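Fold and geometry: a report
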Amino acid sequence: MTASSVQLSLDGIRKSFPGKGGPVPVLDGLSFDIYERDFVSIIGPSGCGKTTVFNVIAGLLEPDSGTMTFRGEVVPGLQGRVGYMMQKDLLFPWRTVLQNVMLGLEMKGVDRAQALDTAREYLSTFGLSGFENAYPKMLSGGMRQRTALIRTLIMDPDILLLDEPFSALDYQTRLYLEGVLLDAVETFHKTVVLVTHDIDEAVALSKRVVVLGNRPTKVKSVHEIGLDARSPIGARSDPRFSDYFQTLCGELEIQTRQRAA
Amino acid sequence: MTTQTLKTSEVLQTSQNPKSSSPASVRPAKKPVARRRAKPGAFARAADTTLGRGVIQLLAVAVFFLAWEVAVRAGWLTEFLVGAPSGIWRVFLASMLDGSLPVDTWYTVIEAIIGFLIGTLLGSVAGLGLWYSAFVARLVEPFIVAINSVPKIALAPIVILWFGTGFVSKVALAVSLTALVALIAAYQAARDADPDLQALLASMGASKNRIFRSVIVPSTLPAIIGMFRINIGFALVGAVVGEFISSQRGLGHLIYSASSLYDLNTVWVGLFVLMFVGFLLYHVIDFAERRILPWRQINTAGQVQV
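Throughout what follows, the structure given in this document is the object of discussion. None of the values given here were measured: they were computed from a predicted structure.

1. Some words on the environment of I255 of chain B
Residue and element names in this part refer to chain B. As for its placement among the helices and strands, I255 is situated in helix α12 (residues 251-260). C-beta crowding within 10 Å serves as the criterion here: with 24 such atoms nearby, I255 is assigned to the buried category. Linking I255 and L271, residues 16 residues apart in sequence, is a C-alpha distance of 7.4 Å. Once residues lying within four places of it in the same chain are set aside, the contact partners of I255 are V267, G270 and L271.

2. As for the sheet that holds strand β3 (residues 39-43) of chain A
All names here are of chain A. Spatial ordering of the open sheet is given by β6-β7-β8-β3-β9-β10, a layout of six strands whose pairing is mixed. Only two strands of the sheet have a single partner each, and these edge strands are β6 (82-86) and β10 (219-224). The mean inter-strand angle of the sheet, taken between neighbouring strand axes irrespective of direction, is 15 degrees. In terms of strand pairing, strand β7 (residues 159-163) meets strand β8 (residues 191-195) through five bridges, oriented parallel. Across the sheet, L162 pairs through a bridge with L194, a residue of β8. Each of β3, β6, β7, β8 and β9 (208-212) touches helix α1 (residues 50-58); the most contacted strand, β7, lies at about 150 degrees to it.

3. A word on the sheet that holds strand β4 (residues 65-70) of chain A
Residue and element names in this part refer to chain A. Pairing within the open sheet is antiparallel, and its four strands lie in the order β2-β1-β4-β5. Strands at the two margins of the open sheet, each flanked by one partner only, are β2 (22-35) and β5 (73-75). Going from strand to strand, the sheet's axes swing by 30 degrees on average, the running direction of each strand aside. Both strand β1 (residues 6-19) and β4 contribute to a ladder of five bridges, which runs antiparallel. Residue pairing in the sheet places L8 in a bridge with F70 of β4. Set on the sheet, α1 makes contact with β1 and β2; between it and β2 the angle comes to about 65 degrees.

4. Observations concerning the nonpolar core
Ranked by size, the top nonpolar core spans 134 residues in total, and within it I57, V101, L161 and V193 of chain A together with A174, A186 and A235 of chain B carry the most contacts. The dominant element in this core, judged by the number of residues it contributes, is helix α9 (residues 167-192) of chain B, at 16 residues. Other than its neighbours up to four places away in sequence, A235 of chain B contacts A112, G115, F116, G119, A174, L177 and T178 of chain B.

Rules of the game
Residues numbered from 1 in each chain as written. Chains lettered and ligands numbered in written order. Predicted model: local features only at pLDDT ≥ 70, side-chain atom pairs only at ≥ 80, totals over all residues. Helix = DSSP H or I, 4+ residues; strand = E, 2+ residues; numbered from the N terminus. Buried ≥ 20, exposed ≤ 12 C-beta atoms within 10 Å, placed from the backbone. Contact = placed C-beta atoms within 7 Å. Pairing = 2+ DSSP bridges. Axes fitted to C-alpha atoms, helices over the stretch in contact; angles between N-to-C directions. Core = buried A, V, L, I, M, F, W, Y, C linked by C-beta atoms within 7 Å.

As structure tokens, then:
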């Protein structure tokens, strides 16, 4: 069964950054697997190096040691294979919505006419037609983040890396975009790695949740989330939702107490 | 398109879209409810149009020259020391008719523009180029600071020695004044370019050259064009100072030789023409900016007035 075969595997990833008193270890032998068409959330105490994990996967940072295996092949990083989305929408202010969406296709060297067609198609799928020639400045926060999502999806990446993509949005917009994301992931058969500090979001969206410990970070535990409802609102009203929520909260809370002691 | 219409069309958009059952992306248009501390008076509001402002500005200029002329005629000011508007006008007409003023202006303007183009281009390219290597940038930084701290005007005598008393020395002086300003502005802007945008492109597998073209160049353009405004002034300074020191033609020559003859009216003609030229060039850059940076020209109608 392809759905459960390992797509990306991180093994013993270590990374430290130079600090005032010598190197500060951030990742201390991080290992976990991501399956094909998985939806993994990474949660952990703030400052535990979630974003560093991301940059390592994206190939923007080189780990000090450890290996990454992508579909059975050891790779240094996944440049060009990942779609990257952050809390900031990272739209290019000098590009129109259409040009922003086409960015990834341009990087891939797709023929311009074809890229235009694809971009227009995606924009209309996500309800943004009519805004092709608007500059990001003119859009609302939700629309900007939707544009960023389209830009990520249109590249047809193997893995979507989402770094707290919705945390700057208000709750309603966020629920809506979570729905859009889930639909899109379902339609386009994508693997998603979501970094969030929001346990609620992690439970509602993911198939599995990876909990990281304090810095230097190791994987503390991995939880399977068995909610059937595939909509952010449906999942939140599932009776088991609060159990998962409590468990994960507990796990993070213990760490807070340990830190206090 | 105003923000208002955008929001309304967004409402339409979302209601047509079956996916968005929740009005998630619809937020009420935020209108700034600014309580003005001091309300502009009825006159200020009525006059604050292009025409209204223009009339007031012209009136101010007319009053200024009229007062000047009256003061000279009444004997409160000596024409010998300050000139007089009527005399300035006579000199202006005469030098326009004999063709000497247009020629002088042409010289100065061409020197300034060529100096501006060369200096700004060299400086911008070098400044942007420093983005490629943080090592080289750190290496050359003290040299740039050192060279920049020399008042470039002090170079004028050497420049005249090296490049002669003609056209080239004025251009060289303008280049020396503009190049470092451009370099520093371009380098600063390149360093301030959003690292997250660069990371995004890198994650898409973009090469360093590609990142340079797609992120660094467009995001530094506003700063670089802003620097153009400063540099066009500097280029004029370079040309005029070069002409002061030694020249046969140009507005600087006109001003310098006239002032040594106590011909104040001619000096004023030179100064006013310089002012006009600078004003014109500034607006040329303004126009260019609006064409090159359409994304910066989004209306600010919703801005809070303080």
